[in-house]
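The lines below spell out each chain.
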Amino acid sequence: MASPEERHNFRRTEAKWQETWTSRNCFTVEPNSPKPKYYVLEMFPYPSGRLHMGHVRNYTLGDVVARYKKAKGFNILHPMGWDAFGLPAENAALERGVHPGKWTRQNIKDMREQFRPLGFSLDWSREVTSCEPEYYKHEQKMFLDFLKAGLAYRKESWVNWDPVEHTVLANEQVIDGKGWRSGADVEQRKLSQWFLKITHCAEDLLKAIEGLDRWPDKVRVMQHNWIGRSEGARVQWPLVNADKTDRGESLEVFTTRPDTLFGASFCAISAQHPLAAKLAENNPDLAEFIAECGRTGTSTAAIEMAEKKGFDTGLRARHPFNPQRTVPVFAANFVLMDYGSGAIFGCPGHDERDMEFARKYGLPVYCVVAPVGEDVKAFTDKLEAGSVAFTDDGVIVNSDFLNGLKVDAAKRAAIEKLEGLKLGKGTVQYRLRDWGVSRQRYWGCPIPIIHCATCGPVPVPDKDLPVTLPEDVTFDKPGNPLERHPTWKHVKCPSCNAEAVRETDTFDTFVESSWYFARFCSPHVDDRPFDKAEAMKWLPVDQYIGGVEHAVLHLLYSRFYTRAMSECGYLDLKEPFAGMFTQGMVCHETYRAADGTWLEPGAVEVVNGVAMAKGQPITVGRSEKMSKSKKNTVDPQHIIETYGADAARLFMLSDSPPERDLEWTDAGIEGAWRFLNRLWRMAAAASEIPAQDIPADLDASAATVLRQIHRAIAAVGDDLEKFRFNSAVARIRELTNRVEDMDRSVTGGDAVFRFGVSIVAQIVNPLTPHIAEEVWELLGNKTILAQGSWPAHDPALLEDSVVTIAVQVNGKLRGTIAVAKGADAKTCETAALELPAVAKQLDGKAPRKVIVVPEKIVNIVA
RNA sequence: GCGGGUAUGGCGGAACUGGUAGACGCGUCAGACUCAAAAUCUGAUUUCGGCAACGGAGUGGGGGUUCGAUUCCCUCUACCCGCACCA
């Protein structure tokens, strides 16, 4: 171990500066400040009780932005809170018998303590906790307002039921037919649910994506696809019974290809379609088919994909353009009830799935689109005999009045005709469905509704809000404890005073996270969710930072919720997040023993280049996201205790660009630690030099370093603006190297050295603020960097008076020349041709052509 | 299947609007200090040939545009992510 004075004592200095910042109130908003505002927000954490490296990365990125923007003269809002409702609390209750509330609040306390030593510039005075009534009561009020505004409604619907968690899942929470948390096969059940009408904003949510120019393209594309707009038509097919009598009703289908209507050979309805249910009453085989579809549901969708099953209902449907023509109506497992009208028409010739279905059930194939210029007869024969659909653009054929039109024109013509016949209508369909917010859970915000046998669902009157969660609940049985509570749900109907029951469902936890960013603007107002003027002052969030896993759900819900709040007068804003950044995951190598069990990194040692654990060779797996199940986690607290917060932060920012995955390595954190100690030793040396001005007769070598210092200020600032934190770290290290290596004995050497160290302190401050403050103080400064400003660079010093430019012959580098900045082309050319290497390449011949790009390059074409 | 992304030394990664590829770091090797080790410092480190000067090749593969391509275009391959019967 080196002597103490050679090493930076991070334990002492980090605690010291954290106390200083707190006691000087460095991170609270400046009231009535003339400075422009800047709202930095990281996604608020779920209080699991344990800080992990993903948190460290997320909040470090945000802290860099907050500290940098503060130094650039902004008034910063950088708050913190807890996304505190959710299932893990109930799981803890089940597993350990702890009350979810107690467990959650203890976790919050613990995690707040774990955050403290990282030195984030967070304004804790604005802390919000979503599981407390002071927070969720506003959510209840807003929900009732949404209800009044028609933005919330109740409907019976098929839901994804997780049999393990005993709850309903949103479509987004079903992954490959399995519950996103439990991994259990999801079943289909019909329940009455509350919905928020996100589809009301579908078009606007889609269009406005264009304006989100500070969002990652990836996220914008994902949201675009999620909303899934498609143009098409709803078409009526009059139904005919098996005995050829008209049923007096028609089947509505949705199609994006009305141009191919003449190629129809069947219709298919969803197994969940009301018509299917009606027909099944007198048809046990159909009933059995429907039941089978319900069983397989979405659960084995991936496997079942190839297997398209249909059941001929016996009904037939009249072709809208030719009443003489009828097609069979099938019930089919692949038709989705909640998209379009839950029914389709099948055109096997021009849709691959329909083709597969037609071939399986012996249905005819009609060719109605042919490639331009192709022989129609020959193409028709080939298509109708084959089993490959033609889905490209082309010319309509065999289609009466549509013949000869291109696909797009035919779509328009078909829709016009349908509308004339009153058998259809052009429409826009979205993939996006309304947001089901009911959850059959205890640990969530109660939905403020009372169910009365005579009045139906009645909103809880304002005066009775909030509806608080009862604390005295038990978790000895599966399902929702609110259902079983002896008294809580039994209340009088607010409208007729009869005996009634409370809604026992609670909100999806995505509701809390859909408005917390607004609550932070005025977290202590009690009579409304937030002060409108304050919210309008701070919103939108200037820079939001979080994981890509929320690219669709949370971000889309928040965009909708902001619109909904605006419709109800709470705000005047559409987009909550002007800038979005999605960070990569923190990964680590995985290790497995011979018996396949996962091993912790701490258990692994490398002996003679072979990875071993307990004397046995082990398998080193690829790097994966840190997770408890794979045991490849590294505990942030341990890292901070060993190397300090600055080292942990620096490593998080080095090497990997923030949007990419970061590979955690011991060598990496040690590298960061070494750099900090080097900086520390430089600071000690610089502090020995008296403060002094840089002399006018500065030595040339020191002047070069001075230019490099100014260049680094500009470059690091630029990198931080653009989220190139890894590059900023590289430039700071580069500058540190230059300053450290400079010759201090020349005229002005000491002054430039001292200046260089002080600049390093200032530009490294957003990244590693503790050591930066310490260095700054060591240099005799009485101010603190947390309240300081970004150093100004002198534009005149950014560039050298002499530039080195490359000389190429035929595009290959043959040497460099140093010319005065601004030297003309002729000078450059002459200097280049004088290079021996160039002369050698030319071999006495005159160059055919010389290209000179001033201050960049000379290329000689031989 | 559809949509999006990525590919650069032993490794993570740099390279602004087409202009000196490999910044910065890690690792490795050699050396200094040391009784020794750690720490620290110095030097080397894309690759091939060569003692060297120097020369050849080189940014996943192939092709193109250009005086000049990691960067632009076409094409192929591999991997990663999202959606997945959306009619």
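Preceding this paragraph is the structure being described.
The structure displayed is predicted, hence computed values, not measured ones.

Student: I keep staring at the protein's contact with RNA strand B and nothing clicks. Help me out?
Tutor: Residues in close proximity to RNA strand B total 52 residues, the closest being T256, K308, Y339, R353 and N859. For RNA strand B, the fraction of protein-proximal atoms (within 4 Å) that sit in sugar or phosphate groups is 63%. Here a phosphate oxygen of RNA strand B and a side-chain polar atom of K812 are 3.2 Å apart. The dominant element in the surface near RNA strand B, judged by the number of residues it contributes, is helix 22 (residues 725-741), at 6 residues. Among the residues making up the surface near RNA strand B, the classes are represented as 20 nonpolar, 13 polar and 19 charged.

Student: Mind showing me how you'd approach the environment of L813 here?
Tutor: Among the secondary structure elements, L813 is positioned in strand 36 (residues 812-820). With relative accessibility at 56%, the residue L813 sits in the exposed group. The spacing of L813 and V838 is 25 residues in sequence and 9.6 Å in space, taken between C-alpha atoms. L813 has contacts with A806, V807 and Q808, leaving out every residue within four places of it along the chain.

Student: Sorry, what's going on with helix 24 (residues 769-778) here?
Tutor: Because each turn of an α-helix spans 3.6 residues, side chains separated by three or four positions in sequence point in the same direction. In terms of burial, helix 24 is a largely internal element, 8 of the 10 residues being buried. For helix 24, the set of buried residues is P769, H770, I771, A772, E773, E774, V775 and W776.

Student: Just to check I follow, could you spell out the pairing of strand 26 (residues 543-547) for this structure?
Tutor: In regular strands, side chains alternate between the two faces of the sheet. Of all 5 residues in strand 26, 5 are buried, a share of seventy percent or more. Pairing of strand 26 with strand 27 (residues 580-583) involves 4 bridges; the strand directions are parallel. Pairing of G546 across the sheet is with T582, part of strand 27. You can see the chain leave strand 26, run along helix 17 (residues 553-567) and come back into strand 27, and the turn it takes is right-handed.

Student: Teacher, can you tell me more about the packing of aromatic side chains here?
Tutor: In this description, a pair of aromatic rings is defined by centroid distance and the angle of the planes. Under the definition given, this model contains 45 aromatic pairs. When the ring of Y59 is compared with that of F120, the centres are 6.3 Å apart and the planes differ by 50°; the resulting orientation is tilted. Of this pair, Y59 sits in helix 2 (residues 53-71) while F120 is found in the loop between helix 4 (100-115) and strand 4 (123-129), placing the two residues 61 residues apart along the sequence. Each member of the pair, Y59 as well as F120, carries the same accessibility label: buried. Ring pairs connect the aromatic residues F44, Y516, F517, F520, Y544 and F577, which therefore count as one cluster. Residue placement shows K155 over the ring face of F195; its charged tip is 4.7 Å from the ring centre. Seen from the ring of F334, K308 lies directly overhead, with NZ or CZ sitting 5.9 Å from the centre.

Student: I would appreciate a short explanation of the pattern of salt bridges in the present structure.
Tutor: Pairs may arise between side chains of opposite charge once their charged atoms sit close together. Scanning the model with the defined rule gives 50 salt bridges in all. Residues E132 and R105 are paired through a salt bridge, measuring 2.8 Å at the closest nitrogen-oxygen approach. Of this pair, E132 sits in the loop between strand 4 and helix 5 (133-148) while R105 sits in helix 4, and the two are 27 residues apart along the sequence. On the basis of relative accessible area, R105 is assigned to the partly exposed category, the value being 32%.

Procedures and definitions
Residues numbered from 1 in each chain as written. Chains lettered and ligands numbered in written order. Predicted model: local features only at pLDDT ≥ 70, side-chain atom pairs only at ≥ 80, totals over all residues. Heavy atoms only, no water. Near = heavy atom within 4 Å. Polar contact = N/O pair within 3.5 Å; in protein donor to acceptor, adjacent residues only side chain to side chain. Helix = DSSP H or I, 4+ residues; strand = E, 2+ residues; numbered from the N terminus. Nonpolar A, V, L, I, M, F, W, Y, C, P; charged D, E, K, R; others polar. Buried < 20%, exposed > 50% of the residue type's maximum accessible area, 1.4 Å probe, protein only. Contact = heavy atoms within 4.5 Å. Pairing = 2+ DSSP bridges. Right-handed = clockwise from strand over helix to strand, strands pointing away. Phe/Tyr/Trp six-rings, centres within 6.5 Å; stacked < 30°, edge-to-face > 60°. Lys NZ or Arg CZ within 6 Å of the ring centre and 35° of its normal. Salt bridge = Lys/Arg side-chain N within 4 Å of Asp/Glu carboxyl O.

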